Amino acid sequence: MKQSLSFRQDGTFTIVQFTDVHMKSGGEADDRTLSLMQMILETERPDLVVFTGDVIEDKHCDEPLQRFHNAVSVVENTQTPWALVFGNHDTEAKLTREQLMGAATQYEFALAEAGPEDIGGVGNYVLSVGDVNGNVAASLYFFDSGSVSPHSHVKGYGWVGRDQVAWYETMSRERTQSNNGIPLPSLAFLHIPLPEYNEVWQQEVCYGSKNERVCCPRINTGLFSAMVEMGDVMGTFAGHDHLNDYWGAKHGIRLCYGRATGYNTYGREGFAHGARIIRLHQGKSEFETWIRLEDGSSLTNQPEHQPEYVHLY
């Protein structure tokens, strides 16, 4: 029987976001990544762990399923429920998304699901967080943001399809109706950032670092617009761009990057590895977030960035 998620007696629910773990073929880099994850889990003692893509670098793994096992076992061993979405590197060569999801769902504390077969991607699903009385008090949405563009005439990375957006709208609408017409406080997780991550940096006050361009898709299928209209999602959490860790609010939704976790991929000197931590509070449409770094310290107040463009309306 799969684990159920619920707020603690003190009304909190804490999530650790590991992103871009990039397990490869063993060695010092993999070991450092696993040690970092272990330290963060021991420090934060979360109620849920979310891997936001690129748990493994499939193309360069000697044994992809074994390397995936090494990563998720760090969480399994703490008996902490965990979920995941796929990134562009998880299934780029040796494994399919169906195969990797099939492996993931066999773990005792895994809550990931393959999701509907009639929409794009593998791993579109929603989890519920219950209150102390067992009623649904919050929703967590997970989206497969794809890999590379499926169209030769469109360059760049993949995107959340319009059918996935429609699925989200249906789920959100049903949950709002079941909650007496009041949208449930919700979060959304995906690997490739939405185009609005670029816009929020340009147009709004943000907090954190942007050390590389936003590698978002060139197609905008309206997921962010749908979230604004549905009124439930308070924050989105992405990875993909290892040198970005900022967040900013646009139309009432906080667009957040995680902090790259894995040592087996590109980084930048002075930009420490770590994880983003998210804390929900029962009955409140808000959340706290901070970054736990490799030296054990927490980064709660990130540097402020003023927008590049002035609003004319």
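In what follows, the structure referred to is the one given above.
Residues numbered from 1 in each chain as written. Predicted model: local features only at pLDDT ≥ 70, side-chain atom pairs only at ≥ 80, totals over all residues. Heavy atoms only, no water.

**Section: the nonpolar core**
What counts is decided by this rule: Nonpolar core, defined: a set of buried Ala, Val, Leu, Ile, Met, Phe, Trp, Tyr and Cys residues in which side-chain atoms within 4.5 Å join the residues together. The cut-offs for exposure are 20% and 50% of the maximum accessible area for each residue type, with area from a 1.4 Å probe on protein chains only; residues under the lower value are buried, those over the upper are exposed, and the others partly exposed. We call two residues contacting when some pair of their heavy atoms lies within 4.5 Å.
Ranked by internal contacts, the top residues of the largest apolar core, which has 60 residues, are F18, F51, F68, W82, L84, L140 and L187. Apart from the residues lying within four places of it in its own chain, the contact partners of L140 are L5, F13, I15, L48, Y125, V126, L127, V129, L187, F189 and L280. The next biggest cluster of nonpolar side chains, apart from the first, holds 28 residues, and it includes Y168, Y197, C206 and M227.

**Regarding the sheet that holds strand β3 (residues 48-52)**
Convention followed: For two strands to count as paired, DSSP must find a minimum of two bridges between them. Put simply, DSSP marks the helices as runs of H or I at least four residues long and the strands as runs of E at least two long, and each gets a number from the N terminus on. Angles run from 0 to 180 degrees between N-to-C directions of axes, and those axes are lines fitted to C-alpha atoms, restricted for helices to the stretch in contact.
Spatial strand order, β4-β3-β2-β12-β13-β14: 6 strands in an open sheet with mixed pairing. Sheet topology places β4 (82-85) and β14 (298-299) at the edges, where each strand pairs with a single neighbour. Looking at chain direction, strand β13 (residues 287-293) and β14 are connected through 2 bridges and run antiparallel. Its bridge partner lying in β14, R292 is registered against S298. In the packing of helix α2 (residues 64-76) onto the sheet, contacts are made with β2 (12-18), β3 and β4, and the angle to β4 comes to roughly 145°.

**Here we look at unusual backbone geometry**
The phi angle at D20 is positive, at roughly 55°, despite the residue not being glycine. As for its position among the elements, D20 is in the loop between β2 and α1 (28-44). Its relative accessible area of 1% is what places D20 among the buried residues. Backbone geometry places H22, a non-glycine residue, at a positive phi of 50°.

**Here we look at the sheet that holds strand β7 (residues 186-189)**
The strand order across the open sheet formed by 9 strands is β1-β5-β6-β7-β9-β11-β10-β8-β15, and the pairing between neighbours is mixed. Of all strands in the sheet, those bounded by a partner on one side alone are β1 (5-6) and β15 (304-305). Alignment of strand β5 (residues 125-130) against strand β6 (residues 136-142), held across 6 bridges, turns out to be antiparallel. For V126, the partnering residue across the bridge sits in β6 and is Y141.

**What to know about the pattern of salt bridges**
So the rule is basically this: A carboxyl oxygen of Asp or Glu within 4 Å of a side-chain nitrogen of Lys or Arg is what we treat as a salt bridge.
Under the defined criterion, the tally for this structure stands at 7 salt bridges. We note a salt bridge from E57 to K24, for which the minimum N-O separation is 3.7 Å. Of the two residues, E57 is situated in the loop between β3 and α2 and K24 in the loop between β2 and α1; the sequence distance between them amounts to 33 residues. By relative accessible area, which is 9% here, E57 ends up buried. Residue R97 pairs with D144 through a salt bridge whose shortest N-O separation is 2.9 Å. Taken together, the residues span a long stretch of sequence, with R97 in helix α3 (residues 97-104) and D144 in the loop between β6 and α4 (162-178) at a distance of 47 residues. Both residues of the pair, R97 and D144, belong to the buried class.

**Regarding α1**
To keep it simple, the criterion reads: A helix is expected to span 1.5 Å for every residue after the first. When we speak of the arc, we mean the arc of directions from the helix axis to the C-beta atoms.
With 17 residues, α1 should reach 24 Å at 1.5 Å per residue; the first-to-last C-alpha distance of 24 Å fits that figure. Every buried residue belonging to α1 is among D30, T33, L34, L36, M37, I40, L41 and E44, and all of these are buried. Buried positions in α1, seen along its axis, are confined to an arc of 160° and lie on one side of it. If you follow the buried residues of α1, they end up packed against β2, β3, α2, β12 (274-281) and β13. Directly after α1, the chain includes R45, whose backbone phi takes a positive value near 45°.

**Topic: the pairing of strand β10 (residues 247-250)**
Of the pairings in the sheet, the one linking strand β8 (residues 206-207) to β10 comprises 2 bridges and is antiparallel in character. Counted as the bridge partner of C206 is G248 from β10. One ladder, built from 4 bridges, connects β10 with strand β11 (residues 253-257); its direction is antiparallel. By the bridge assignment for β11, A249 is matched with R254. Count of turn residues in the β10/β11 antiparallel hairpin: 2 residues, of which H251 carries a positive phi of about 50°.

**Regarding a negative patch on the surface**
Stated precisely, the cut-off is as follows: In this analysis, a patch consists of residues with relative accessible area above 30% that form no salt bridge, clustered at 9 Å for like charges and at 5 Å for the nonpolar side chains Val, Leu, Ile, Met, Phe, Trp and Tyr. Under the convention used here, a 1.4 Å probe and the Shrake-Rupley method define accessible areas, while residue burial counts only the protein chains that appear. The sign given to each residue is positive for Lys and Arg and negative for Asp and Glu; His and the chain ends receive no count. Charged side chains are reduced to one point each, which is NZ for Lys, CZ for Arg, CG for Asp and CD for Glu.
On the surface, a cluster of negative charge is made up of E98, E117, D118 and D163. Summarising the element assignment, E98 is placed in helix α3. Classification of E98 by relative accessible area gives exposed; the value is 53%.

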